[in-house]
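What follows is the residue order along each chain.
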Amino acid sequence: MTEQLAPKASQMTFAKALNAGLRRAMERDPKVVLMGEDIGKLGGVFRITDGLQKDFGAHRVLDTPLAESGIMGTAIGMAYRGYRPVVEIQFDGFVYPAFDQIVAQVAKLHYRSLGRVKVPLTIRIPFGGGIGSPEHHSESPEAYFAHTAGLRVMAVSNPQDAYSMIQQAIACDDPVVFFEPKRRYHDKGDVDESFGLEVPDGLGMGSARVVVEGHDVTLVSYGPLVKTCVDAAVAASDEGVSVEVIDLRSLAPVDYATLEASVRKTGRLVIAHEASQTGGLGGEIAASITERCFYYLEHAPVRVTGFDIPYPYSKLEFHHLPDLDRILDGVDRSLGRPNSLSGTEEGE
């Protein structure tokens, strides 16, 4: 069963929930400053910051030059001086010019200074495909950052988490890379605005969440594919298969306790993400769960991912992105049922 929010929750789009969360963080702390390309008067290309410059002033919502390395370097200096900068990377593929700043400076300053320097910096990155954009606008670079010690990495999948987790990220003294699934910006959902920095147990920024309970297969995802995985669980139930869907929410650190408890119950694990398979987060989760749950597994973990290719032209992207059928095929593989790889039951 899906979790239910309190009756006082109101309907918001994902984008509006992010906007409301940013607004709340700025109201709470005058040291919160937003920076990015076209985020001021325009409100960002996805209008996530719409109206914030008007209400808080150009000194707190800064339109920057088109220079990601410079934006990030400036944000590092501001964090060093006690501000809480929130940087918007306009599109996922635009983060690479700032990559050196993030992995060589942001991730290491706290450790390098023996804890004397905190870097309360939030890096917002719209990520993933599904909106028909050209190359460099539909990347899934999360594994690069999850691999980098010193960074927290979060990926939200619904309006409630967008609202509360952006506030938690901004309030955190660690640097946070905050991934937002751009094809979900217009999705609507319940948002309880009393959930901000204070949230119920299990909804903190480091916790995974069981979205749908089940007992046959554990299906793990994050960001844009969580909704697709829920649809897959519904479709699988029509065939008598009970799928437990888990939204990771935090990619670094990963809440392995929640994953382990689920896999010990189901004995099977399927991981779905848009990023390419090789070196992707799915491989790390599969290996870690195998180490923790080897004697409980009834089948090797299964990955359902994007292909190991540069992101394709927009007309071909839906062949590349894992969809309902591919995820259900992964569930069939984990159950040893006829699937796209075997054509027969595995082991025959």
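See the structure above.
The residue numbering used here restarts from 1 in each chain and proceeds along that chain's sequence as written. The predicted nature of this model means local features are confined to residues of pLDDT at least 70 and side-chain atom pairs, given and counted, to a pLDDT of 80 or more, with totals for whole chains, interfaces and linings taken over all residues. For the side-chain quantities, the full set of heavy atoms in the structure was used; hydrogens and water were omitted.

A. The arrangement of the overall build of the chain in detail. Helix and strand counts for the chain come out as 12 helices and 14 strands. Atoms counted for the radius of gyration: C-alpha only. Globule rule: 2.2 Å times residue count to the power 0.38. A compact globule built from 348 residues should have a C-alpha radius of gyration of about 20 Å, and the chain, at 20 Å, falls within 12% of that. Each principal axis of the C-alpha atoms in the chain carries an extent, and together these give about 65 × 45 × 45 Å. Each residue is placed in one exposure class: buried if its accessible area under a 1.4 Å probe, protein chains only, is under 20% of its type's maximum, exposed if it is over 50%, and partly exposed if it falls in between. Looking at the 348 residues of the chain, the share that counts as buried comes to 56%. We call two residues in contact whenever any of their non-hydrogen atoms come within 4.5 Å of each other. Excluding contacts between residues fewer than 6 apart, the proportion of contacts in the chain whose partners are at least 24 apart in sequence is 80%. Accessible surface area values rest on a Shrake-Rupley calculation with a 1.4 Å probe, where residue burial reflects the displayed protein chains alone. When the accessible surface of the chain is split by element, carbon and sulfur atoms take 53% of a total near 15,200 Å². His is not counted here, nor are the chain ends, while Lys and Arg score as positive and Asp and Glu score as negative. Charged side chains are reduced to one point each, which is NZ for Lys, CZ for Arg, CG for Asp and CD for Glu. Put simply, the chain has 34 plus and 47 minus side-chain charges, and the middle of one group is 8 Å from the middle of the other. Comment: elements are numbered from the N terminus, with helices defined as DSSP H or I runs of at least four residues and strands as E runs of at least two.

B. Fine view of the sheet that holds strand 10 (residues 217-221). Strand order in the open sheet formed by 5 strands is 9-11-10-13-14, and the pairing between neighbours is mixed. Of all the strands in the sheet, the pair left with one neighbour each is strand 9 (209-212) and strand 14 (302-306). Between one strand axis and the next, the sheet turns through 25 degrees on average, direction left out of account. By the bridge criterion, 5 bridges tie strand 13 (residues 269-276) to strand 14 in an arrangement that is parallel. Residue Val270 lies in a different strand from strand 14, and its bridge partner there is Val302. Here the axes come from fitting lines to C-alpha atoms, over the contacting stretch only for helices, and the angles between their N-to-C directions go from 0 to 180 degrees. Of the strands in this sheet, strand 9, strand 10, strand 11 (243-247) and strand 13 touch helix 8 (residues 226-237), which is tilted by about 170 degrees from strand 11. Two strands qualify as a pair provided that DSSP identifies no fewer than 2 bridges between them.

C. Main features of the packing of helix 1 (residues 14-28) against helix 7 (residues 159-171). Two elements in contact, helix 1 and helix 7, have axes separated by 8 Å at closest approach and are oriented at 30 degrees. In terms of orientation, helix 1 lies roughly parallel with respect to helix 7. Between helix 1 and helix 7 lies a crossing of right-handed hand. Residues Phe14, Ala17, Leu18, Ala20, Gly21, Leu22, Arg24, Ala25 and Arg28 of helix 1 form the contact with helix 7, whose own contacting residues are Pro159, Ala162, Tyr163, Ile166, Gln167 and Ile170. Each angle gets one of four labels, with under 35 degrees taken as roughly parallel, over 145 as roughly antiparallel, 65 to 115 as roughly perpendicular, and the rest as oblique. Left-handed is the label given to a crossing in which the near helix is rotated counterclockwise from the far helix by less than a right angle, and right-handed is the label when the rotation is clockwise.

D. Quick peek at the packing of helix 9 (residues 256-266) against helix 10 (residues 281-293). Relative to each other, helix 9 and helix 10 sit at 65 degrees, their axes nearing to 10 Å. Handedness of the helix 9/helix 10 crossing: right-handed. Together, Tyr256, Leu259, Glu260, Val263 and Arg264 of helix 9 and Glu284, Ile285, Ser288, Ile289, Arg292 and Cys293 of helix 10 make up the contact between the two elements. Each residue is assigned to one class: nonpolar for Ala, Val, Leu, Ile, Met, Phe, Trp, Tyr, Cys and Pro, charged for Asp, Glu, Lys and Arg, and polar for all the others, Gly among them. Tallied by class, residues from the contact of helix 9 with helix 10 come to 6 nonpolar, 1 polar and 4 charged.

E. Structural context of the pairing of strand 11. Within strand 11, 5 of the 5 residues are buried, which leaves the element mostly enclosed by the surrounding structure. Taking every second residue as pointing to the same face, both faces of strand 11 are buried, with Val243, Val245 and Asp247 on one and Glu244 and Ile246 on the other. As paired elements, strand 9 and strand 11 share 3 bridges and run antiparallel to each other. For Val212, the partnering residue across the bridge sits in strand 11 and is Val245. Pairing geometry for strand 10 and strand 11, over 5 bridges, is parallel. Looking across to strand 11, one finds that Leu219 is bridged to Val245. After leaving strand 10, the chain enters helix 8 and then returns to the sheet as strand 11, a path that is right-handed. A crossover counts as right-handed when, viewed with the strands pointing away from the observer, the path leading from the first strand over the helix to the second turns clockwise.

Everything listed is a geometric property; what it means functionally is a separate question.
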